[in-house]
Amino acid sequence: MIFKTLGVALGGMAAAALAAYTAGGVYFQSHFYPGTLVNGIDASGANVDAVETEISNIASNYCLTLEEAGGKVEQILPQDVGLVVDARDGQVEGFMKSQNGWGWINALAAPMEFESKGIVTYSKSKLKDAVSRLDCVNAKNVVKTEDAYPEFNGSKFVAVPEVYGTEINKKQFTKKVGDALTHLKESVSLEEEGFYNQPNIKADSEEMQQLLSEMNRIASTKLTYTVGETTEEVPKETIASWLVSPDSKTLTYDNDAMMAFLDQMAAKYDTFGLPKVLKTSSGAYASVPGGSYGWRIDKEAELANLQKELVEGNPIQRDFTYQYTAHTHDGPDYGNSYVEVNLSAQHVYMYTNGQLICDGPCVSGDVSKGNITHRGAYQMTYKEYHAVLRGQGYDVPVDYWMPFNGNEGLHDAQWRRGFGGSIYMTNGSHGCVNLPLSTAAGIFGQVEKGFPVLVYSNSDLISEEQAMTMLGAARHTAQSEETDTQSQDTASSESTETDATESGSSESDSTDTQSEAASGATATQPAGTQTPTAVPTAETQTTGVQTTAAQTTEPQATAVQTTEAQTTAAQTVEVPTTEAQIAEVQAAEAPAAEVQAVEAQATETQIAEAQAAEAQTAAQITETPSVSTMSAAEAAEALVPGEQLAAQENALQGQGQ
């Protein structure tokens, strides 16, 4: 009984469903399915005429409203874009015919949409112009969209929040507006439609938090430079100023900011090229012109080293990376071991650990020929034992070769029979500092590459007050040019000297003929050259007061012969120490017509006076007492066979060394 009743009920339901489906199939032969859209207009259950009427009614009062950020709205009217609506062109009827009325049940799950470009049309060029006139795309009204970015707030890096701006992709926006017009949409929300550019990096993003962590770790690095007895602790905010993230994703360094810091440090600690205060052997003070000696930070190398070490994250405590180094950061950078060359006195001193090891007279660059020895603070380029000096017209071996300023160097000149005095004015070198063998040997045994060589003249003397002021003052940035006087005497070591560029190379072979070699010659240091430490014998250990017999037997271009004892006495002049005395000396040396140590060429009158003075003190060799009663020619004859001397003098005539 129950099953019979259920069967009757089901049968009734099936009949009803069939009846409903049939009725719907008939109805939707002339009406649109439920949920159907025609050009964006709801056509559910409507026939063709109703849909066409609806489209026409909407078009008669149509405008598109743009809802912008901040509640602002703008409108586009049909006439702005040349909008035309023709709902009765047969397109709607065509949509209806394409619809199968018996498939209406399927439409319940998947509503249909119909669109015709013929129903709603507009001018693309007018649309483009209309969009360009909108405030929302006008640059002056646009708020730029910005990503979040890191910023140092004085104690740590924090994220500056992103900015949701009103920037719009104009091309994409124009297409979207055209689609809205085609569908006769009444309004469009720019925010909901995603027309505004969105920030890529947000403050609370994981990548931003990782970036902040890394930047804060590096900024917290303890960075201390130890410069002699001075420590330079770099503040956290300075390190922070070196860290940047151009894309808010990756960390990099601001090279310009780091280089600006290193420029400051160089201005504070560099001494390369700056004048050096020297308390001379006489007790007076001199301001030795800047040369090639001193500290200079290698900023490029330091930049690379610093960036690498900061990434590693360990505390950093060290000195700067230097291109050029000196002996000390505390006090005069050359320390208390140096070679002192007094061009005015024509005398050289060798100090080691503050103790005078040896000294002696010298002959510097020939003033009459313009072959000056340049004043300045230099460092020994290298030293070479048994070098051969070559230049125009000469090829001469020396025992001890110690270049310090390009082609200028210290070396023995065994062909000379006299040193010191005014020899350098008319019979000087090509720029080198000629020394007696004993003095050269004594210096050679104490110096190495980089050893300070301080060359000055009386024009560089300063008062004690000035010296103390210079020593106590803060370091100054090295100038690209010295004063006019200094620039004359610190000319490039690469320049060619007047009449003879003293370039050459070392050779293991020596020549039997000792010619009067021009100083300033260079001897190229060969690979693997041994430079034995010279230990002067008892015979040659001297302060330059005496000359060994070996030195007195060498030829010289002039007929002047002087003992070193006489020369030393001649060049031992009173060195001014008071400001008044210094002023007198400097005033006397100032005129260009007078000889300023190695700065100016001697006048003919001065040369004549020097020659007369030398003639009056014609050399008296200490090891040959009888020479004192001889003429210069007789003395030379006693030292060297006449024919040999004559030949050598002829070969060397006019080549003052």
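As shown above, the structure is provided for reference.
Residues numbered from 1 in each chain as written. Predicted model: local features only at pLDDT ≥ 70, side-chain atom pairs only at ≥ 80, totals over all residues. Heavy atoms only, no water.

Colleague: What's the story with the overall build of the protein in this structure? I'm lost.
Modeller: Scanning the protein from terminus to terminus reveals 21 helices and 29 strands. Counting every position in the protein, which comprises 657 residues, the buried fraction comes to 47%. Sequence-distant contacts, at least 24 apart, represent 72% of the contacts inside the protein between residues at least 6 apart. Carbon and sulfur atoms make up 50% of the accessible area of the protein, which totals about 31,300 Å². (Helix = DSSP H or I, 4+ residues; strand = E, 2+ residues; numbered from the N terminus. Buried < 20%, exposed > 50% of the residue type's maximum accessible area, 1.4 Å probe, protein only. Contact = heavy atoms within 4.5 Å. Areas by Shrake-Rupley, 256 points an atom, 1.4 Å probe, with all protein chains shown as cover.)

Colleague: Even after reading the chapter, I still don't get the pattern of salt bridges, so can you show me in this structure?
Modeller: Should their charged atoms come close, side chains of opposite charge can pair. With the rule as written, the count across this model stands at 14 salt bridges. When the shortest N-O distance is used, the salt bridge between D263 and K299 registers 2.8 Å. Residue D263 is located in helix α10 (residues 255-269), and its partner K299 is located in helix α11 (residues 299-312); the two are separated by 36 residues in the primary sequence. Assessed through its relative accessible area of 36%, D263 is described here as partly exposed. With its nearest N and O atoms 3.2 Å apart, the salt bridge here joins D395 to R390. (Salt bridge = Lys/Arg side-chain N within 4 Å of Asp/Glu carboxyl O.)

Colleague: I keep staring at the pairing of strand β11 (residues 223-227) and nothing clicks. Help me out?
Modeller: Both faces of the sheet carry side chains from a regular strand, because those side chains alternate between them. Across the five residues of β11, four count as buried, placing the element largely inside the fold. By the bridge criterion, five bridges tie β11 to strand β12 (residues 230-234) in an arrangement that is antiparallel. Pairing of T226 across the sheet is with T231, part of β12. Both β11 and strand β18 (residues 316-318) contribute to a ladder of three bridges, which runs parallel. Bridged to Y225 within β18 is R318. (Pairing = 2+ DSSP bridges.)

Colleague: How should a negative patch on the surface be read in this particular structure?
Modeller: Residues E67, E191, E192 and E193 make up a contiguous surface patch of negative charge. Here E193 shows up in the loop between β10 (187-189) and α8 (206-219). Note on E193: relative accessible area 40%, which makes it partly exposed. (Patch = residues over 30% accessible without salt bridge, like charges linked within 9 Å, V, L, I, M, F, W, Y side chains within 5 Å. Lys, Arg positive; Asp, Glu negative; His and termini not counted. Charge placed at Lys NZ, Arg CZ, Asp CG, Glu CD.)

Colleague: I would appreciate a short explanation of helix α7 (residues 170-182) in the present structure.
Modeller: Since there are 3.6 residues in each turn of an α-helix, residues three or four apart along the chain are aligned in direction. Along its 13 residues, α7 runs 19 Å from first to last C-alpha, staying within 8% of the 18 Å computed at 1.5 Å per residue. Of all the positions in α7, only F173, T174, V177, G178, A180, L181 and T182 are classed as buried. Residues of α7 that are buried make contact with β3 (64-67), β4 (73-76), α3 (78-81), β7 (120-121), α6 (124-132) and β10. Of the residues flanking the end of α7, it is L184, one or two places downstream, whose phi is positive at about 50°. (Expected span 1.5 Å × (residues − 1).)

Colleague: Just to check I follow, could you spell out the packing of α10 against α11 for this structure?
Modeller: The description of two packed helices rests on the angle between their axes and on the distance between the axes. Contact pair α10 / α11: the axes reach a minimum separation of 10 Å and the direction vectors enclose 120°. Taken together, the axes of α10 and α11 are oblique relative to one another. Relative to α11, the crossing made by α10 is right-handed. Here α10 contributes N255, M258, M259, L262 and D263 to the contact with α11, which in turn contributes K299, E300, E302, L303, L306 and Q307. (Axes fitted to C-alpha atoms, helices over the stretch in contact; angles between N-to-C directions. Parallel < 35°, antiparallel > 145°, perpendicular 65-115°, else oblique. Left-handed = near helix turned anticlockwise from the far one by under 90°.)

Colleague: Sorry if this is basic, but what is going on with the sheet that holds strand β1 (residues 37-38) here?
Modeller: The three strands lie next to each other as β2-β1-β6, forming an open sheet whose pairing is mixed. The open sheet has two free edges, formed respectively by β2 (41-42) and β6 (113-114), since each of these has just one partner strand. Where β1 lies against β2, two bridges are found, and the strand directions are antiparallel. Across the sheet, residue V38 finds its bridge partner in β2, namely I41.

Colleague: Please explain the packing of aromatic side chains as it appears in this structure.
Modeller: Two numbers describe a pair of aromatic rings. These are the distance of the centres and the angle of the planes. A complete count under the given rule lists 14 aromatic pairs for this structure. A ring pair is formed by F173 and F195, whose centres lie 5.0 Å apart and whose planes are at 80°; its orientation type is edge-to-face. Placement of F173 in helix α7 and of F195 in the loop between β10 and α8 is noted, with a sequence separation of 22 residues between them. By the burial criterion, F173 is buried, and F195 matches it. Ring geometry for W295 and Y322: centres 4.8 Å apart, planes at 55°, overall tilted. (Phe/Tyr/Trp six-rings, centres within 6.5 Å; stacked < 30°, edge-to-face > 60°.)

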